[in-house]
Amino acid sequence: MAGLSTASPKNGIDGRKKPNLLITGTPGTGKTTTASALAEAAQLRHINIGDLVKEKNLHNGWDEQFECYIINEDLVCDELEDMMEEGGNIVDHHGCDFFPERWFDRVVVLQTENSLLYDRLATRGYTGSKLSNNIECEIFQVLLEEAKESYQEEIVVALRSDSIDDLNNNVSTLSDWLRSWNMS
Ligand code: DAT
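Residues numbered from 1 in each chain as written. Predicted model: local features only at pLDDT ≥ 70, side-chain atom pairs only at ≥ 80, totals over all residues. Heavy atoms only, no water.

The protein carries the name Adenylate kinase isoenzyme 6 homolog in an unreviewed UniProt entry, which gives Coffea canephora as its organism. Database annotation for the protein, UniProt heading Sequence similarities (unreviewed entry): "Belongs to the adenylate kinase family. AK6 subfamily." Listed under Subunit (unreviewed entry) in UniProt, the entry text for the protein is "Interacts with small ribosomal subunit protein uS11. Not a structural component of 43S pre-ribosomes, but transiently interacts with them by binding to uS11." (UniProt positions renumbered as here; feature names shortened; annotations may be inferred.)

Now the structure itself:
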């Protein structure tokens, strides 16, 4: 896995002028909070996949068991293709294996200590198996494994997201990286 400070920035695989960043992690780890602060700091576009799916009906109905929309991955990818080609996107989603690998210059996996994550998800109203499944997902580092299997390991970075200090540090580190990419 790459440390952000040592990885040298480079132009996008498709020759895009601005980088695309994927922020992933278990629900509640802070993807949306981080992506939205970073998008503002770096003046990039924040794309929350969950919101996009709802707004544009890019799903195959509601999953009663998991209490979420069943994402139509092909429709999501079709919807995003032009924007991703252009660059300058921060994509925020709790999965990462169905996007084309060529889209992203960096993949960030946020991680949160279990008891803190439990409290955040309980506050959000998660209970029962929805709550325990997500905690297990974090314990087993499912998203980090998925990211490492789906992208080159040198573009994958795991960042702690336990506290507001972590949040601020992550936004600052990622802003620096985006700036250095733009200068390359
Ligand atoms: P996600 O998009 O991964 O589901 P979120 O951004 O909605 O997560 O954050 C979930 C809650 O946790 C929300 O109330 C904001 C808070 N939060 C996010 N990142 C945090 C951090 N690093 N430290 C403390 N609280 C955080």
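A. Summary view of the pattern of salt bridges. Taken as a whole, this structure holds six salt bridges when the rule is applied. The shortest N-O distance in the salt bridge between E81 and R102 comes to 3.1 Å. Taken together, the positions of E81 in helix α3 (residues 73-86) and R102 in the loop between β5 (89-92) and β6 (106-111) put the pair 21 residues apart, joining distant regions of the chain. Residue classification places R102 among the partly exposed residues on the basis of a relative accessible area of 33%. Here D162 and R160 are joined by a salt bridge, their closest N and O atoms 3.3 Å apart. (Salt bridge = Lys/Arg side-chain N within 4 Å of Asp/Glu carboxyl O. Helix = DSSP H or I, 4+ residues; strand = E, 2+ residues; numbered from the N terminus. Buried < 20%, exposed > 50% of the residue type's maximum accessible area, 1.4 Å probe, protein only.)

B. Layout of empty space enclosed by the protein. Within the structure shown, the criterion is met by one cavity of 30 Å³ or more. Estimates place the volume of the largest cavity at around 40 Å³. Lining the largest cavity are G25, T26, V109, L110, Q111, C137, E138, Q141, V142, L143 and L144. Sorting the residues of the lining of the largest cavity by element identifies β6, α5 (128-139) and α6 (142-150) as the ones contributing at least two each. Split by residue class, the lining of the largest cavity holds six nonpolar, four polar and one charged. (1 Å grid on protein atoms, 1.4 Å probe; cavity = no way out; pocket = protein on both sides within 12 Å on 5 of 7 lines; lining within 4 Å. Points joined across faces, edges and corners; volume = space filled by probe spheres on them. Nonpolar A, V, L, I, M, F, W, Y, C, P; charged D, E, K, R; others polar.)

C. Focus on the packing of aromatic side chains. A full pass over the atoms with the stated rule returns six aromatic pairs. Relative to W103, the ring of F99 has its centre 6.0 Å away and its plane inclined at 35 degrees; by these criteria the two rings are tilted. Each member of the pair F99 and W103 is classed as buried. Consider the rings of F99 and F104, whose centres lie 5.7 Å apart with planes at 75 degrees: the pair is edge-to-face. (Phe/Tyr/Trp six-rings, centres within 6.5 Å; stacked < 30°, edge-to-face > 60°.)

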